[in-house]
Amino acid sequence: MRFDLPGVEPKDIDVAVAGDTLTIRASRERRSDDGNRDFQMREVSYGRFERSLTLPKGGDSGEIKARNQHGVLELIMPASPELAGRKIRIGIGVEEKRQVEHQTA
């Protein structure tokens, strides 16, 4: 899972698991003072982010790993083999096989 959190410091991000619910909370506060001897300007921008998600059954929530890089929080949770996808082969029936052989001949 990936979450865009631009301007949020890793220390201001909280990731918690309770039962089968994953909750991410983050806050951002940025202050900027600009001025010279004639005037002074002060700007404050802030915001909060909170998201709760239900984890899939069969995942191992005890093994969730989090990484924050360039304003993107990435969470990785290993899944059990039962959750992994599988490819299903499509068989060719006798009639379809004859048609394919006839077209290629």
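All values derive from a computational prediction rather than experimental measurement.

Asks: Any chance you could explain the pattern of salt bridges here in plain terms?
Replies: Any two side chains of opposite charge can pair, on the condition that their charged atoms come close. Enumeration according to the criterion identifies 7 salt bridges in this entry. For lysine 11, the salt bridge goes to aspartate 12, with nearest N and O atoms at 3.4 Å. In this structure aspartate 12 comes out as partly exposed when scored by relative accessible area, which is 28%. Salt-bridge contacts for arginine 25 lead to glutamate 50; the nearest nitrogen and oxygen are separated by 3.5 Å. Here the residue arginine 25 occupies a position in strand 3 (residues 21-35), and glutamate 50 occupies one in strand 4 (residues 40-54), the gap between them amounting to 25 residues. Here the salt bridges share partners, and the residues they tie into one network are Asp14, Arg25, Arg48 and Glu50.

Asks: Whenever I open this one, the environment of glycine 19 confuses me. Can you help?
Replies: In this structure, glycine 19 sits in the loop between strand 2 (13-18) and strand 3. It is 9.1 Å that separates the C-alpha atoms of glycine 19 and threonine 54, two residues lying 35 residues apart in sequence.

Criteria and cut-off values
Numbering of residues starts from 1 in every chain and runs along the sequence as written. Under the rules for a predicted model, residues below a pLDDT of 70 receive no local features and side-chain atom pairs below 80 are neither given nor counted, while totals for whole chains, interfaces and linings still include all residues. Side-chain metrics rest on all non-hydrogen atoms present in the structure, leaving aside hydrogens and water. Salt bridge, as used here: a side-chain nitrogen of Lys or Arg that lies within 4 Å of a carboxyl oxygen of Asp or Glu. Only protein chains enter the calculation, and the probe is 1.4 Å; a residue is then buried if its accessible area is under 20% of its type maximum, exposed if over 50%, and partly exposed in between. The numbering of helices and of strands both runs from the N terminus, where a helix is a DSSP run of H or I of at least 4 residues and a strand a run of E of at least 2.

From the geometry alone we can't say anything about function, so treat these as descriptive.
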